[in-house]
Amino acid sequence: MRRKLVAGNWKMHGNLASNQALLDTIAAGMKRIQGMDCAVCVPFPYLPQAQSRLQRTEVAWGAQNVSPHAQGAFTGEVSASMLVDFGCRFVIVGHSERRTLFGEDDSTVAAKFMAAQGSGILPILCVGETLQERESGITAQVVNRQLDAVLDAAGVAAMAKAVIAYEPVWAIGTGRTATPEQAQEVHALLRARVSDRDPGVARGVRILYGGSVKAGNAAELFAKADIDGGLIGGASLVADDFLAICRAAQG
Ligand code: 13P
């Protein structure tokens, strides 16, 4: 049985004071929640704050981006080893906002995935189709292409030390959630795609759903066979909502 994971993606939100209140409440609330994993992915400058507040708690932390390069003249970039210095367990790669707003293509995403793993950080690989792609009937083609780019570059064994997140672009920040059936269908496709290369790895890899997950819809999503938790945007900024989603993932 895969242990569920609920990860918050704070995106570009927060400040020292609001983060402290949010982290305090999440860390305290997680003391009463068992049998699932919980993490928050915070903006780079707040990694030391997350580390100092969350170490020795039930909450892991991570980043939202990483450079594909180990070091060098890459102004503005942050390497995986720098994330290790601040105790990151996870890093999000291939989020649709990075793909569309910052021009990250499949090969860049694969390079970032491998850079993270090379430093022992678990990449959370995001895949997902736009509304236009869904309506054109090419959802499977799009998510398979995004997944294959990483499987081809990193090898299927790498998925044993990674997390996949299915995030339909049309459901992100829109309040429009995929139905549990729609999400399950794509999660099953993704798991089958990994299984074609290695059934054992496919059985173990966690596939999170992301896109307008709220306290009110988390349980029905997490009840599906191939949905192993969530990647939470807006609701991860409200401690009580995030904790309610974590409770819905309890084993
Ligand atoms: P929302 O939960 O705000 O829709 O964001 C989802 C997301 O992009 C998580 O990475």
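Residues numbered from 1 in each chain as written. Predicted model: local features only at pLDDT ≥ 70, side-chain atom pairs only at ≥ 80, totals over all residues. Heavy atoms only, no water.

Caption draft 1: View of the site of the ligand. Looking at the ligand, the residues that line it are N9, K11, H95, E167, A171, I172, G173, G211, S212, L231, G233 and G234. At a separation of 3.0 Å, an oxygen atom of the ligand approaches a polar side-chain atom of N9. A distance of 2.8 Å separates an oxygen atom of the ligand from a polar side-chain atom of H95. Coverage of the ligand by the protein amounts to 96% of the 300 Å² it exposes when considered alone. Among the cavities detected, the one that contains the ligand is the second largest pocket. Class assignment for the residues of the shell around the ligand results in three nonpolar, seven polar and two charged. (Near = heavy atom within 4 Å. Polar contact = N/O pair within 3.5 Å; in protein donor to acceptor, adjacent residues only side chain to side chain. Areas by Shrake-Rupley, 256 points an atom, 1.4 Å probe, with all protein chains shown as cover. 1 Å grid on protein atoms, 1.4 Å probe; cavity = no way out; pocket = protein on both sides within 12 Å on 5 of 7 lines; lining within 4 Å. Sits in = over half its atoms within 2 Å of the grid points. Nonpolar A, V, L, I, M, F, W, Y, C, P; charged D, E, K, R; others polar.)

Caption draft 2: Molecular detail of the pattern of salt bridges. With the rule as written, the count across this model stands at 17 salt bridges. Among the salt bridges present, the one from R2 reaches D228, with a minimum N-O distance of 2.9 Å. Of the two residues, R2 sits in the segment before β1 (5–9) while D228 sits in the loop between α10 (218–222) and β8 (229–232), which places them 226 residues apart along the sequence. With a closest N to O distance of 2.4 Å, R53 and D24 form a salt bridge. Placement of the pair is R53 in helix α2 (residues 47–54) and D24 in helix α1 (residues 16–30), with a sequence separation of 29 residues. (Salt bridge = Lys/Arg side-chain N within 4 Å of Asp/Glu carboxyl O. Helix = DSSP H or I, 4+ residues; strand = E, 2+ residues; numbered from the N terminus.)

Caption draft 3: Spotlight on the state of the cysteines. Taken as a whole and assessed by the stated rule, the structure comprises zero disulfides. For C41, which is in no disulfide, the shortest distance to another cysteine sulfur is to C88 and amounts to 8.0 Å. Residue classification places C41 among the buried positions, given a relative accessible area of 0%. Free cysteine C126: the closest other cysteine sulfur is in C41, separated by 9.1 Å. (Disulfide = S-S within 2.5 Å. Buried < 20%, exposed > 50% of the residue type's maximum accessible area, 1.4 Å probe, protein only.)

Caption draft 4: Here's a closer look at the sheet that holds strand β6 (residues 163–166). The parallel closed barrel is built from eight strands, whose spatial order is β1-β2-β3-β4-β5-β6-β7-β8. Going across the sheet, the axis of each strand differs from the next one's by a mean of 25°, ignoring polarity. Pairing of β1 with β8 involves four bridges; the strand directions are parallel. The residue bridging V6 from the neighbouring strand is G230, located in β8. Helix α11 (residues 239–248) contacts β1, β2 (37–41) and β8 of the sheet and is inclined by roughly 160° relative to β1. (Pairing = 2+ DSSP bridges. Axes fitted to C-alpha atoms, helices over the stretch in contact; angles between N-to-C directions. Contact = heavy atoms within 4.5 Å.)

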